[in-house]
Amino acid sequence: MRRPWHHPEFGGRAMVQVGRGDWLKAVVLALGVTAVQLACIRPPNLVDDWNGWRQADTQTIALNYAHDGIDLLWPRIAWGGDGSGAVEAELQLYTAATGAILALVGDDVEWPGRAVSAACLLLTALLLFGLLAPRVGVLGALSGEAALLTSVGATFLVSVQPDALGLCLAAASLVAFVAWTDTRHFYPGSSIFSFGTAGCNL
């Protein structure tokens, strides 16, 4: 079966062939915009960020994972009482990834969470490019990618929050669904991505 972006026809029209050079343009665009967001737009630390209160909660769960080990079903914050200290109701994929990095590099930094979010946003942008390019052309796909990356919402996604991961999983679910509509071939990954999207933070 052909992948959806290689499918010979879509809506009665031949699909545009996407080459390695086109993908390279998409990668450079995503890296450039995200780098500007991290270096020039986002505040350098959580204290200076107007939405830092929410990020501090996420960072604390990740720190607890770094210190006490990762347990996706029982996330905890700094807790000194007699109870379990368990918090939240989401499947803590994002905080687990961030906590694993913190355990390696040290717990006095805030960049690991932003790095995970940035990587998820980059992957989302590339998934969007791969979905659009065969259907509207490379220029249209790059424009769509740029619109996503420069939106106000995307700027807020590059932070210590699980939203970028949720968006990435949702985009992957869409790609898997389109693959099914194009080929009528069921991709097991679509169920995994959909479950991850629902359980992660939506």
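Here the structure is a predicted model, which is why all the values come from computation and not from measurement. (Residues numbered from 1 in each chain as written. Predicted model: local features only at pLDDT ≥ 70, side-chain atom pairs only at ≥ 80, totals over all residues. Heavy atoms only, no water.)

Some thoughts on the environment of Ala26
Put simply, the rule is: Going along the chain from the N terminus, every DSSP run of H or I of four or more residues is numbered as a helix, and every run of E of two or more is numbered as a strand. By definition in these notes, contact holds between two residues if any of their heavy atoms fall within 4.5 Å.
Position of Ala26 among the secondary structure elements: in helix H1 (residues 20–41). Residues Ala26 and Ser143, spaced 117 residues apart in sequence, show a C-alpha to C-alpha distance of 9.9 Å. Excluding its chain neighbours within four sequence positions, the residues that come into contact with Ala26 are Leu126, Phe129, Leu142 and Glu145.

Remarks on helix H5 (residues 138–149)
Since the α-helix packs 3.6 residues into each turn, any two residues three or four apart lie on the same face. Our working definition: Multiplying 1.5 Å by the helix residue count minus one yields the expected span of that helix. Throughout, exposure labels follow a simple rule: accessible area from a 1.4 Å probe, protein chains only, divided by the maximum for the residue type, with under 20% read as buried, over 50% as exposed, and the rest as partly exposed. Starting at the helix axis, one direction is taken to each C-beta atom, and the arc is that of these directions.
A rise of 1.5 Å per residue sets the reference length of H5, with its 12 residues, at 16 Å; its end C-alpha atoms lie 16 Å apart and thus fit the reference within 8%. Listed as buried for H5 are Val138, Ala141, Leu142, Glu145 and Leu149. Each buried residue of H5 lies within a common arc of 100° when the element is viewed along its axis, so the set occupies one face.

Overview of the confidence of the model for the chain
Spelled out, the test is: Confidence of the prediction at every residue is given by pLDDT, a number between 0 and 100.
A residue-level look at the chain finds 75% of positions with pLDDT of 70 or above and a mean pLDDT of 79. For the chain, strand S1 (residues 9–10) is the element with the lowest average pLDDT, namely 48, and helix H3 (residues 93–105) is the one with the highest, namely 92. Low pLDDT, under 50, characterises residues 1–12; the stretch is placed with 28 contacts to residues that sit more than four places away or in other chains.

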